[in-house]
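Coordinate analysis (summary)
Given next are the chains, with one letter for each unit.
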Amino acid sequence: MPQKVIIDTDPGIDDSLAIMLALSMPEEIEVAGITIAAGNAPVEMGYGNALKVLKFMDRLDVPVFMGADRPLKRDFVNALDTHGADGLGESFLPEVSEEEYERQEMNAVQFMQETLQREAVSVIALGPLTNLAMLIEKDPCAFGSIREIVSMGGSFRSHGNCSPVAEYNYWCDPDAAAIVYREMDRIGKMIHMVGLDVTRRIVLTPDLLDYMKRLDPRTGDFTQKITKFYFDFHWEWEHLIGCVINDPLAVAYFARRDLCRGFESYVQIETQGISIGQTVVDSMHFYRHTPNAVVLTEVDTMRFFRTFFTCLLQMEEEPDLLADLCR
Ligand code: BDR
Ligand code: CA
């Protein structure tokens, strides 16, 4: 039986690949809806991008809900420098028209609340945690009935990508992240923190992209179109040939837990000062506090790409070349 999930996201190049992956794992994941928050792109743009991806996947039946248009307290800082002027790598794909997709009347938080009052679904969070924090404020009981939360965000030993210590999703809305981690602590549950320690190991290289295009030209070309800008960004900033695709790892890990390993810990989010957005991971148990997070530190990169290729490209066989290309 597939597990029902809400994907809370800010598409975003790697978010788009993550949505595509989730929709390609129907035996493991059933996407009940996609909720959008301001993050990589302003919320309207992220909403439009989610629709573009759904259209490419021929899945405009999946409902998309507009969420928070800014962080709870901080000024909004988007990441269009990373994701391109259209948030989708300057692919400038045509907008999905109102005839093709009828807008939902509910907003993201209402949809989450309504769904959770009915059934216990999980949430895969790929952007700032603003929508989830708003749900906690509105209906903690509904939040408490979320089956599991897997969140791409934070870092333990890795350096940040917005400051020496902070990762974008939590840096963008540290107050929301702090509320979510605090609430997990209060209700005695654990959030799965898929942070930069593991996602930095997921690099889509030109070779892997080329391989994708040969195996499935349509999906490969689409991926190339939306990642070209991202490749250039990584070269400019990190002298890395390829691009780190953070968000698809959260999806793959949700479905296949043995892809990553880590440890349970108490985690707090810094909301002020030079460390704003940092995940303070009490790995040495200084506070003697029960864990509220599973902090992932190891990933089997090769197996991730095997999952990514076999599901997204719908391959029957495991690709032989992958072991070489992932080195
Ligand atoms: C996260 O921030 C965004 O740029 C990506 O979509 C990912 O969710 C990585 O820090
Ligand atoms: Ca994201």
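The following refers to the structure shown. (Residues numbered from 1 in each chain as written. Chains lettered and ligands numbered in written order. Predicted model: local features only at pLDDT ≥ 70, side-chain atom pairs only at ≥ 80, totals over all residues. Heavy atoms only, no water.)

Here the calcium ion (ligand 2) is held by the protein donor atoms Asp10 (OD), Asp15 (OD), Asp15 (OD), Leu126 (O) and Asp247 (OD), which lie 2.3 to 2.7 Å from it. In primary sequence terms, the donor set of the calcium ion (ligand 2) follows D-x4-D-x110-L-x120-D. Among the residues examined, Asp10 registers a relative accessible area of 0% and is labelled buried. (Donors = N, O, S within 2.8 Å, 3.2 Å for Na, K, Ca; no water. Buried < 20%, exposed > 50% of the residue type's maximum accessible area, 1.4 Å probe, protein only.)

Further remarks concern the site of ligand 1. The immediate surroundings of ligand 1 are formed by Asp14, Asp15, Asn40, His83, Leu126, Met152, Asn161, Glu167, Tyr168, Asn169, Asn246 and Asp247. A distance of 3.0 Å is found between an oxygen atom of ligand 1 and a side-chain nitrogen or oxygen belonging to Asp15. One of the side-chain N or O atoms of Asn40 is found 2.9 Å from an oxygen atom in ligand 1. For the shell around ligand 1, the elements supplying multiple residues, two or more each, are α1 (13–23), α7 (168–172) and α12 (246–255). Its residues assigned to classes, the shell around ligand 1 comprises three nonpolar, five polar and four charged. (Near = heavy atom within 4 Å. Polar contact = N/O pair within 3.5 Å; in protein donor to acceptor, adjacent residues only side chain to side chain. Helix = DSSP H or I, 4+ residues; strand = E, 2+ residues; numbered from the N terminus. Nonpolar A, V, L, I, M, F, W, Y, C, P; charged D, E, K, R; others polar.)

Attention now moves to the packing of aromatic side chains. The description of an aromatic ring pair rests on the distance of the ring centres and on the angle between the ring planes. Taken as a whole, this structure holds 13 aromatic pairs when the rule is applied. Grouped by ring-pair contacts, the aromatic residues Tyr211, Phe304, Phe305, Phe308 and Phe309 constitute a single cluster. Looking at Arg74, its charged tip hangs above the ring of Trp171, at a distance of 4.6 Å from the centre. Taking NZ or CZ as reference, Arg257 lies 5.0 Å from the ring centre of Tyr253, over its face. (Phe/Tyr/Trp six-rings, centres within 6.5 Å; stacked < 30°, edge-to-face > 60°. Lys NZ or Arg CZ within 6 Å of the ring centre and 35° of its normal.)

Attention shifts here to the pattern of salt bridges. Overall, the coordinates contain 16 salt bridges when judged by the stated rule. Among the ionic pairs, Glu28 bridges to Arg256, the shortest N-O distance being 2.7 Å. Note that Glu28 is positioned in the loop between α1 and β2 (29–36) and Arg256 in the loop between α12 and β9 (260–265), a separation of 228 residues in sequence. Residue classification places Arg256 among the partly exposed positions, given a relative accessible area of 24%. Where Arg118 meets Glu114, a salt bridge forms, and the shortest distance between an N and an O atom there is 3.2 Å. Linking Arg118 with Glu114, this pair stays in helix α4 (residues 108–118), spanning four residues, or about one helical turn. For Arg118, a relative accessible area of 55% gives the class exposed. Using a relative accessible area of 36% as the deciding quantity, one classes Glu114 as partly exposed. Sharing partners across several salt bridges, the network here consists of Lys4, Glu114, Arg118 and Glu119. (Salt bridge = Lys/Arg side-chain N within 4 Å of Asp/Glu carboxyl O.)

Here the focus is the pairing of strand β12 (residues 293–299). Across the seven residues that make up β12, a large majority, five, are buried. Bridge count between strand β6 (residues 191–194) and β12: three bridges; the pairing is parallel. Bridge assignment links His192 to a residue of β12, and that residue is Val294. Summarising the sheet, β9 and β12 pair through six bridges and their orientation is antiparallel. Note that in β12 the partner of Cys260 across the bridge is Val299. (Pairing = 2+ DSSP bridges.)

Take Asp232: it is sitting in helix α11 (residues 217–238). You can call Asp232 partly exposed: its relative accessible area is 39%.

Let's shift gears to the nonpolar core. The biggest cluster of nonpolar side chains holds 72 residues, and the ones touching the most others in it are Ile245 and Phe305. Per-element accounting of this core gives the leading share, eight residues, to α1. Among the nonpolar cores identified, the runner-up in size contains 34 residues, and Met112, Ala142, Ile269 and Val281 belong to it. (Core = buried A, V, L, I, M, F, W, Y, C linked by side-chain atoms within 4.5 Å.)

Right, let's get into the environment of Gly153. Take Gly153: it is sitting in the loop between β5 (149–152) and α7. C-alpha of Gly153 to C-alpha of Asn292: the two residues are 139 residues apart in sequence and 15 Å apart in space.

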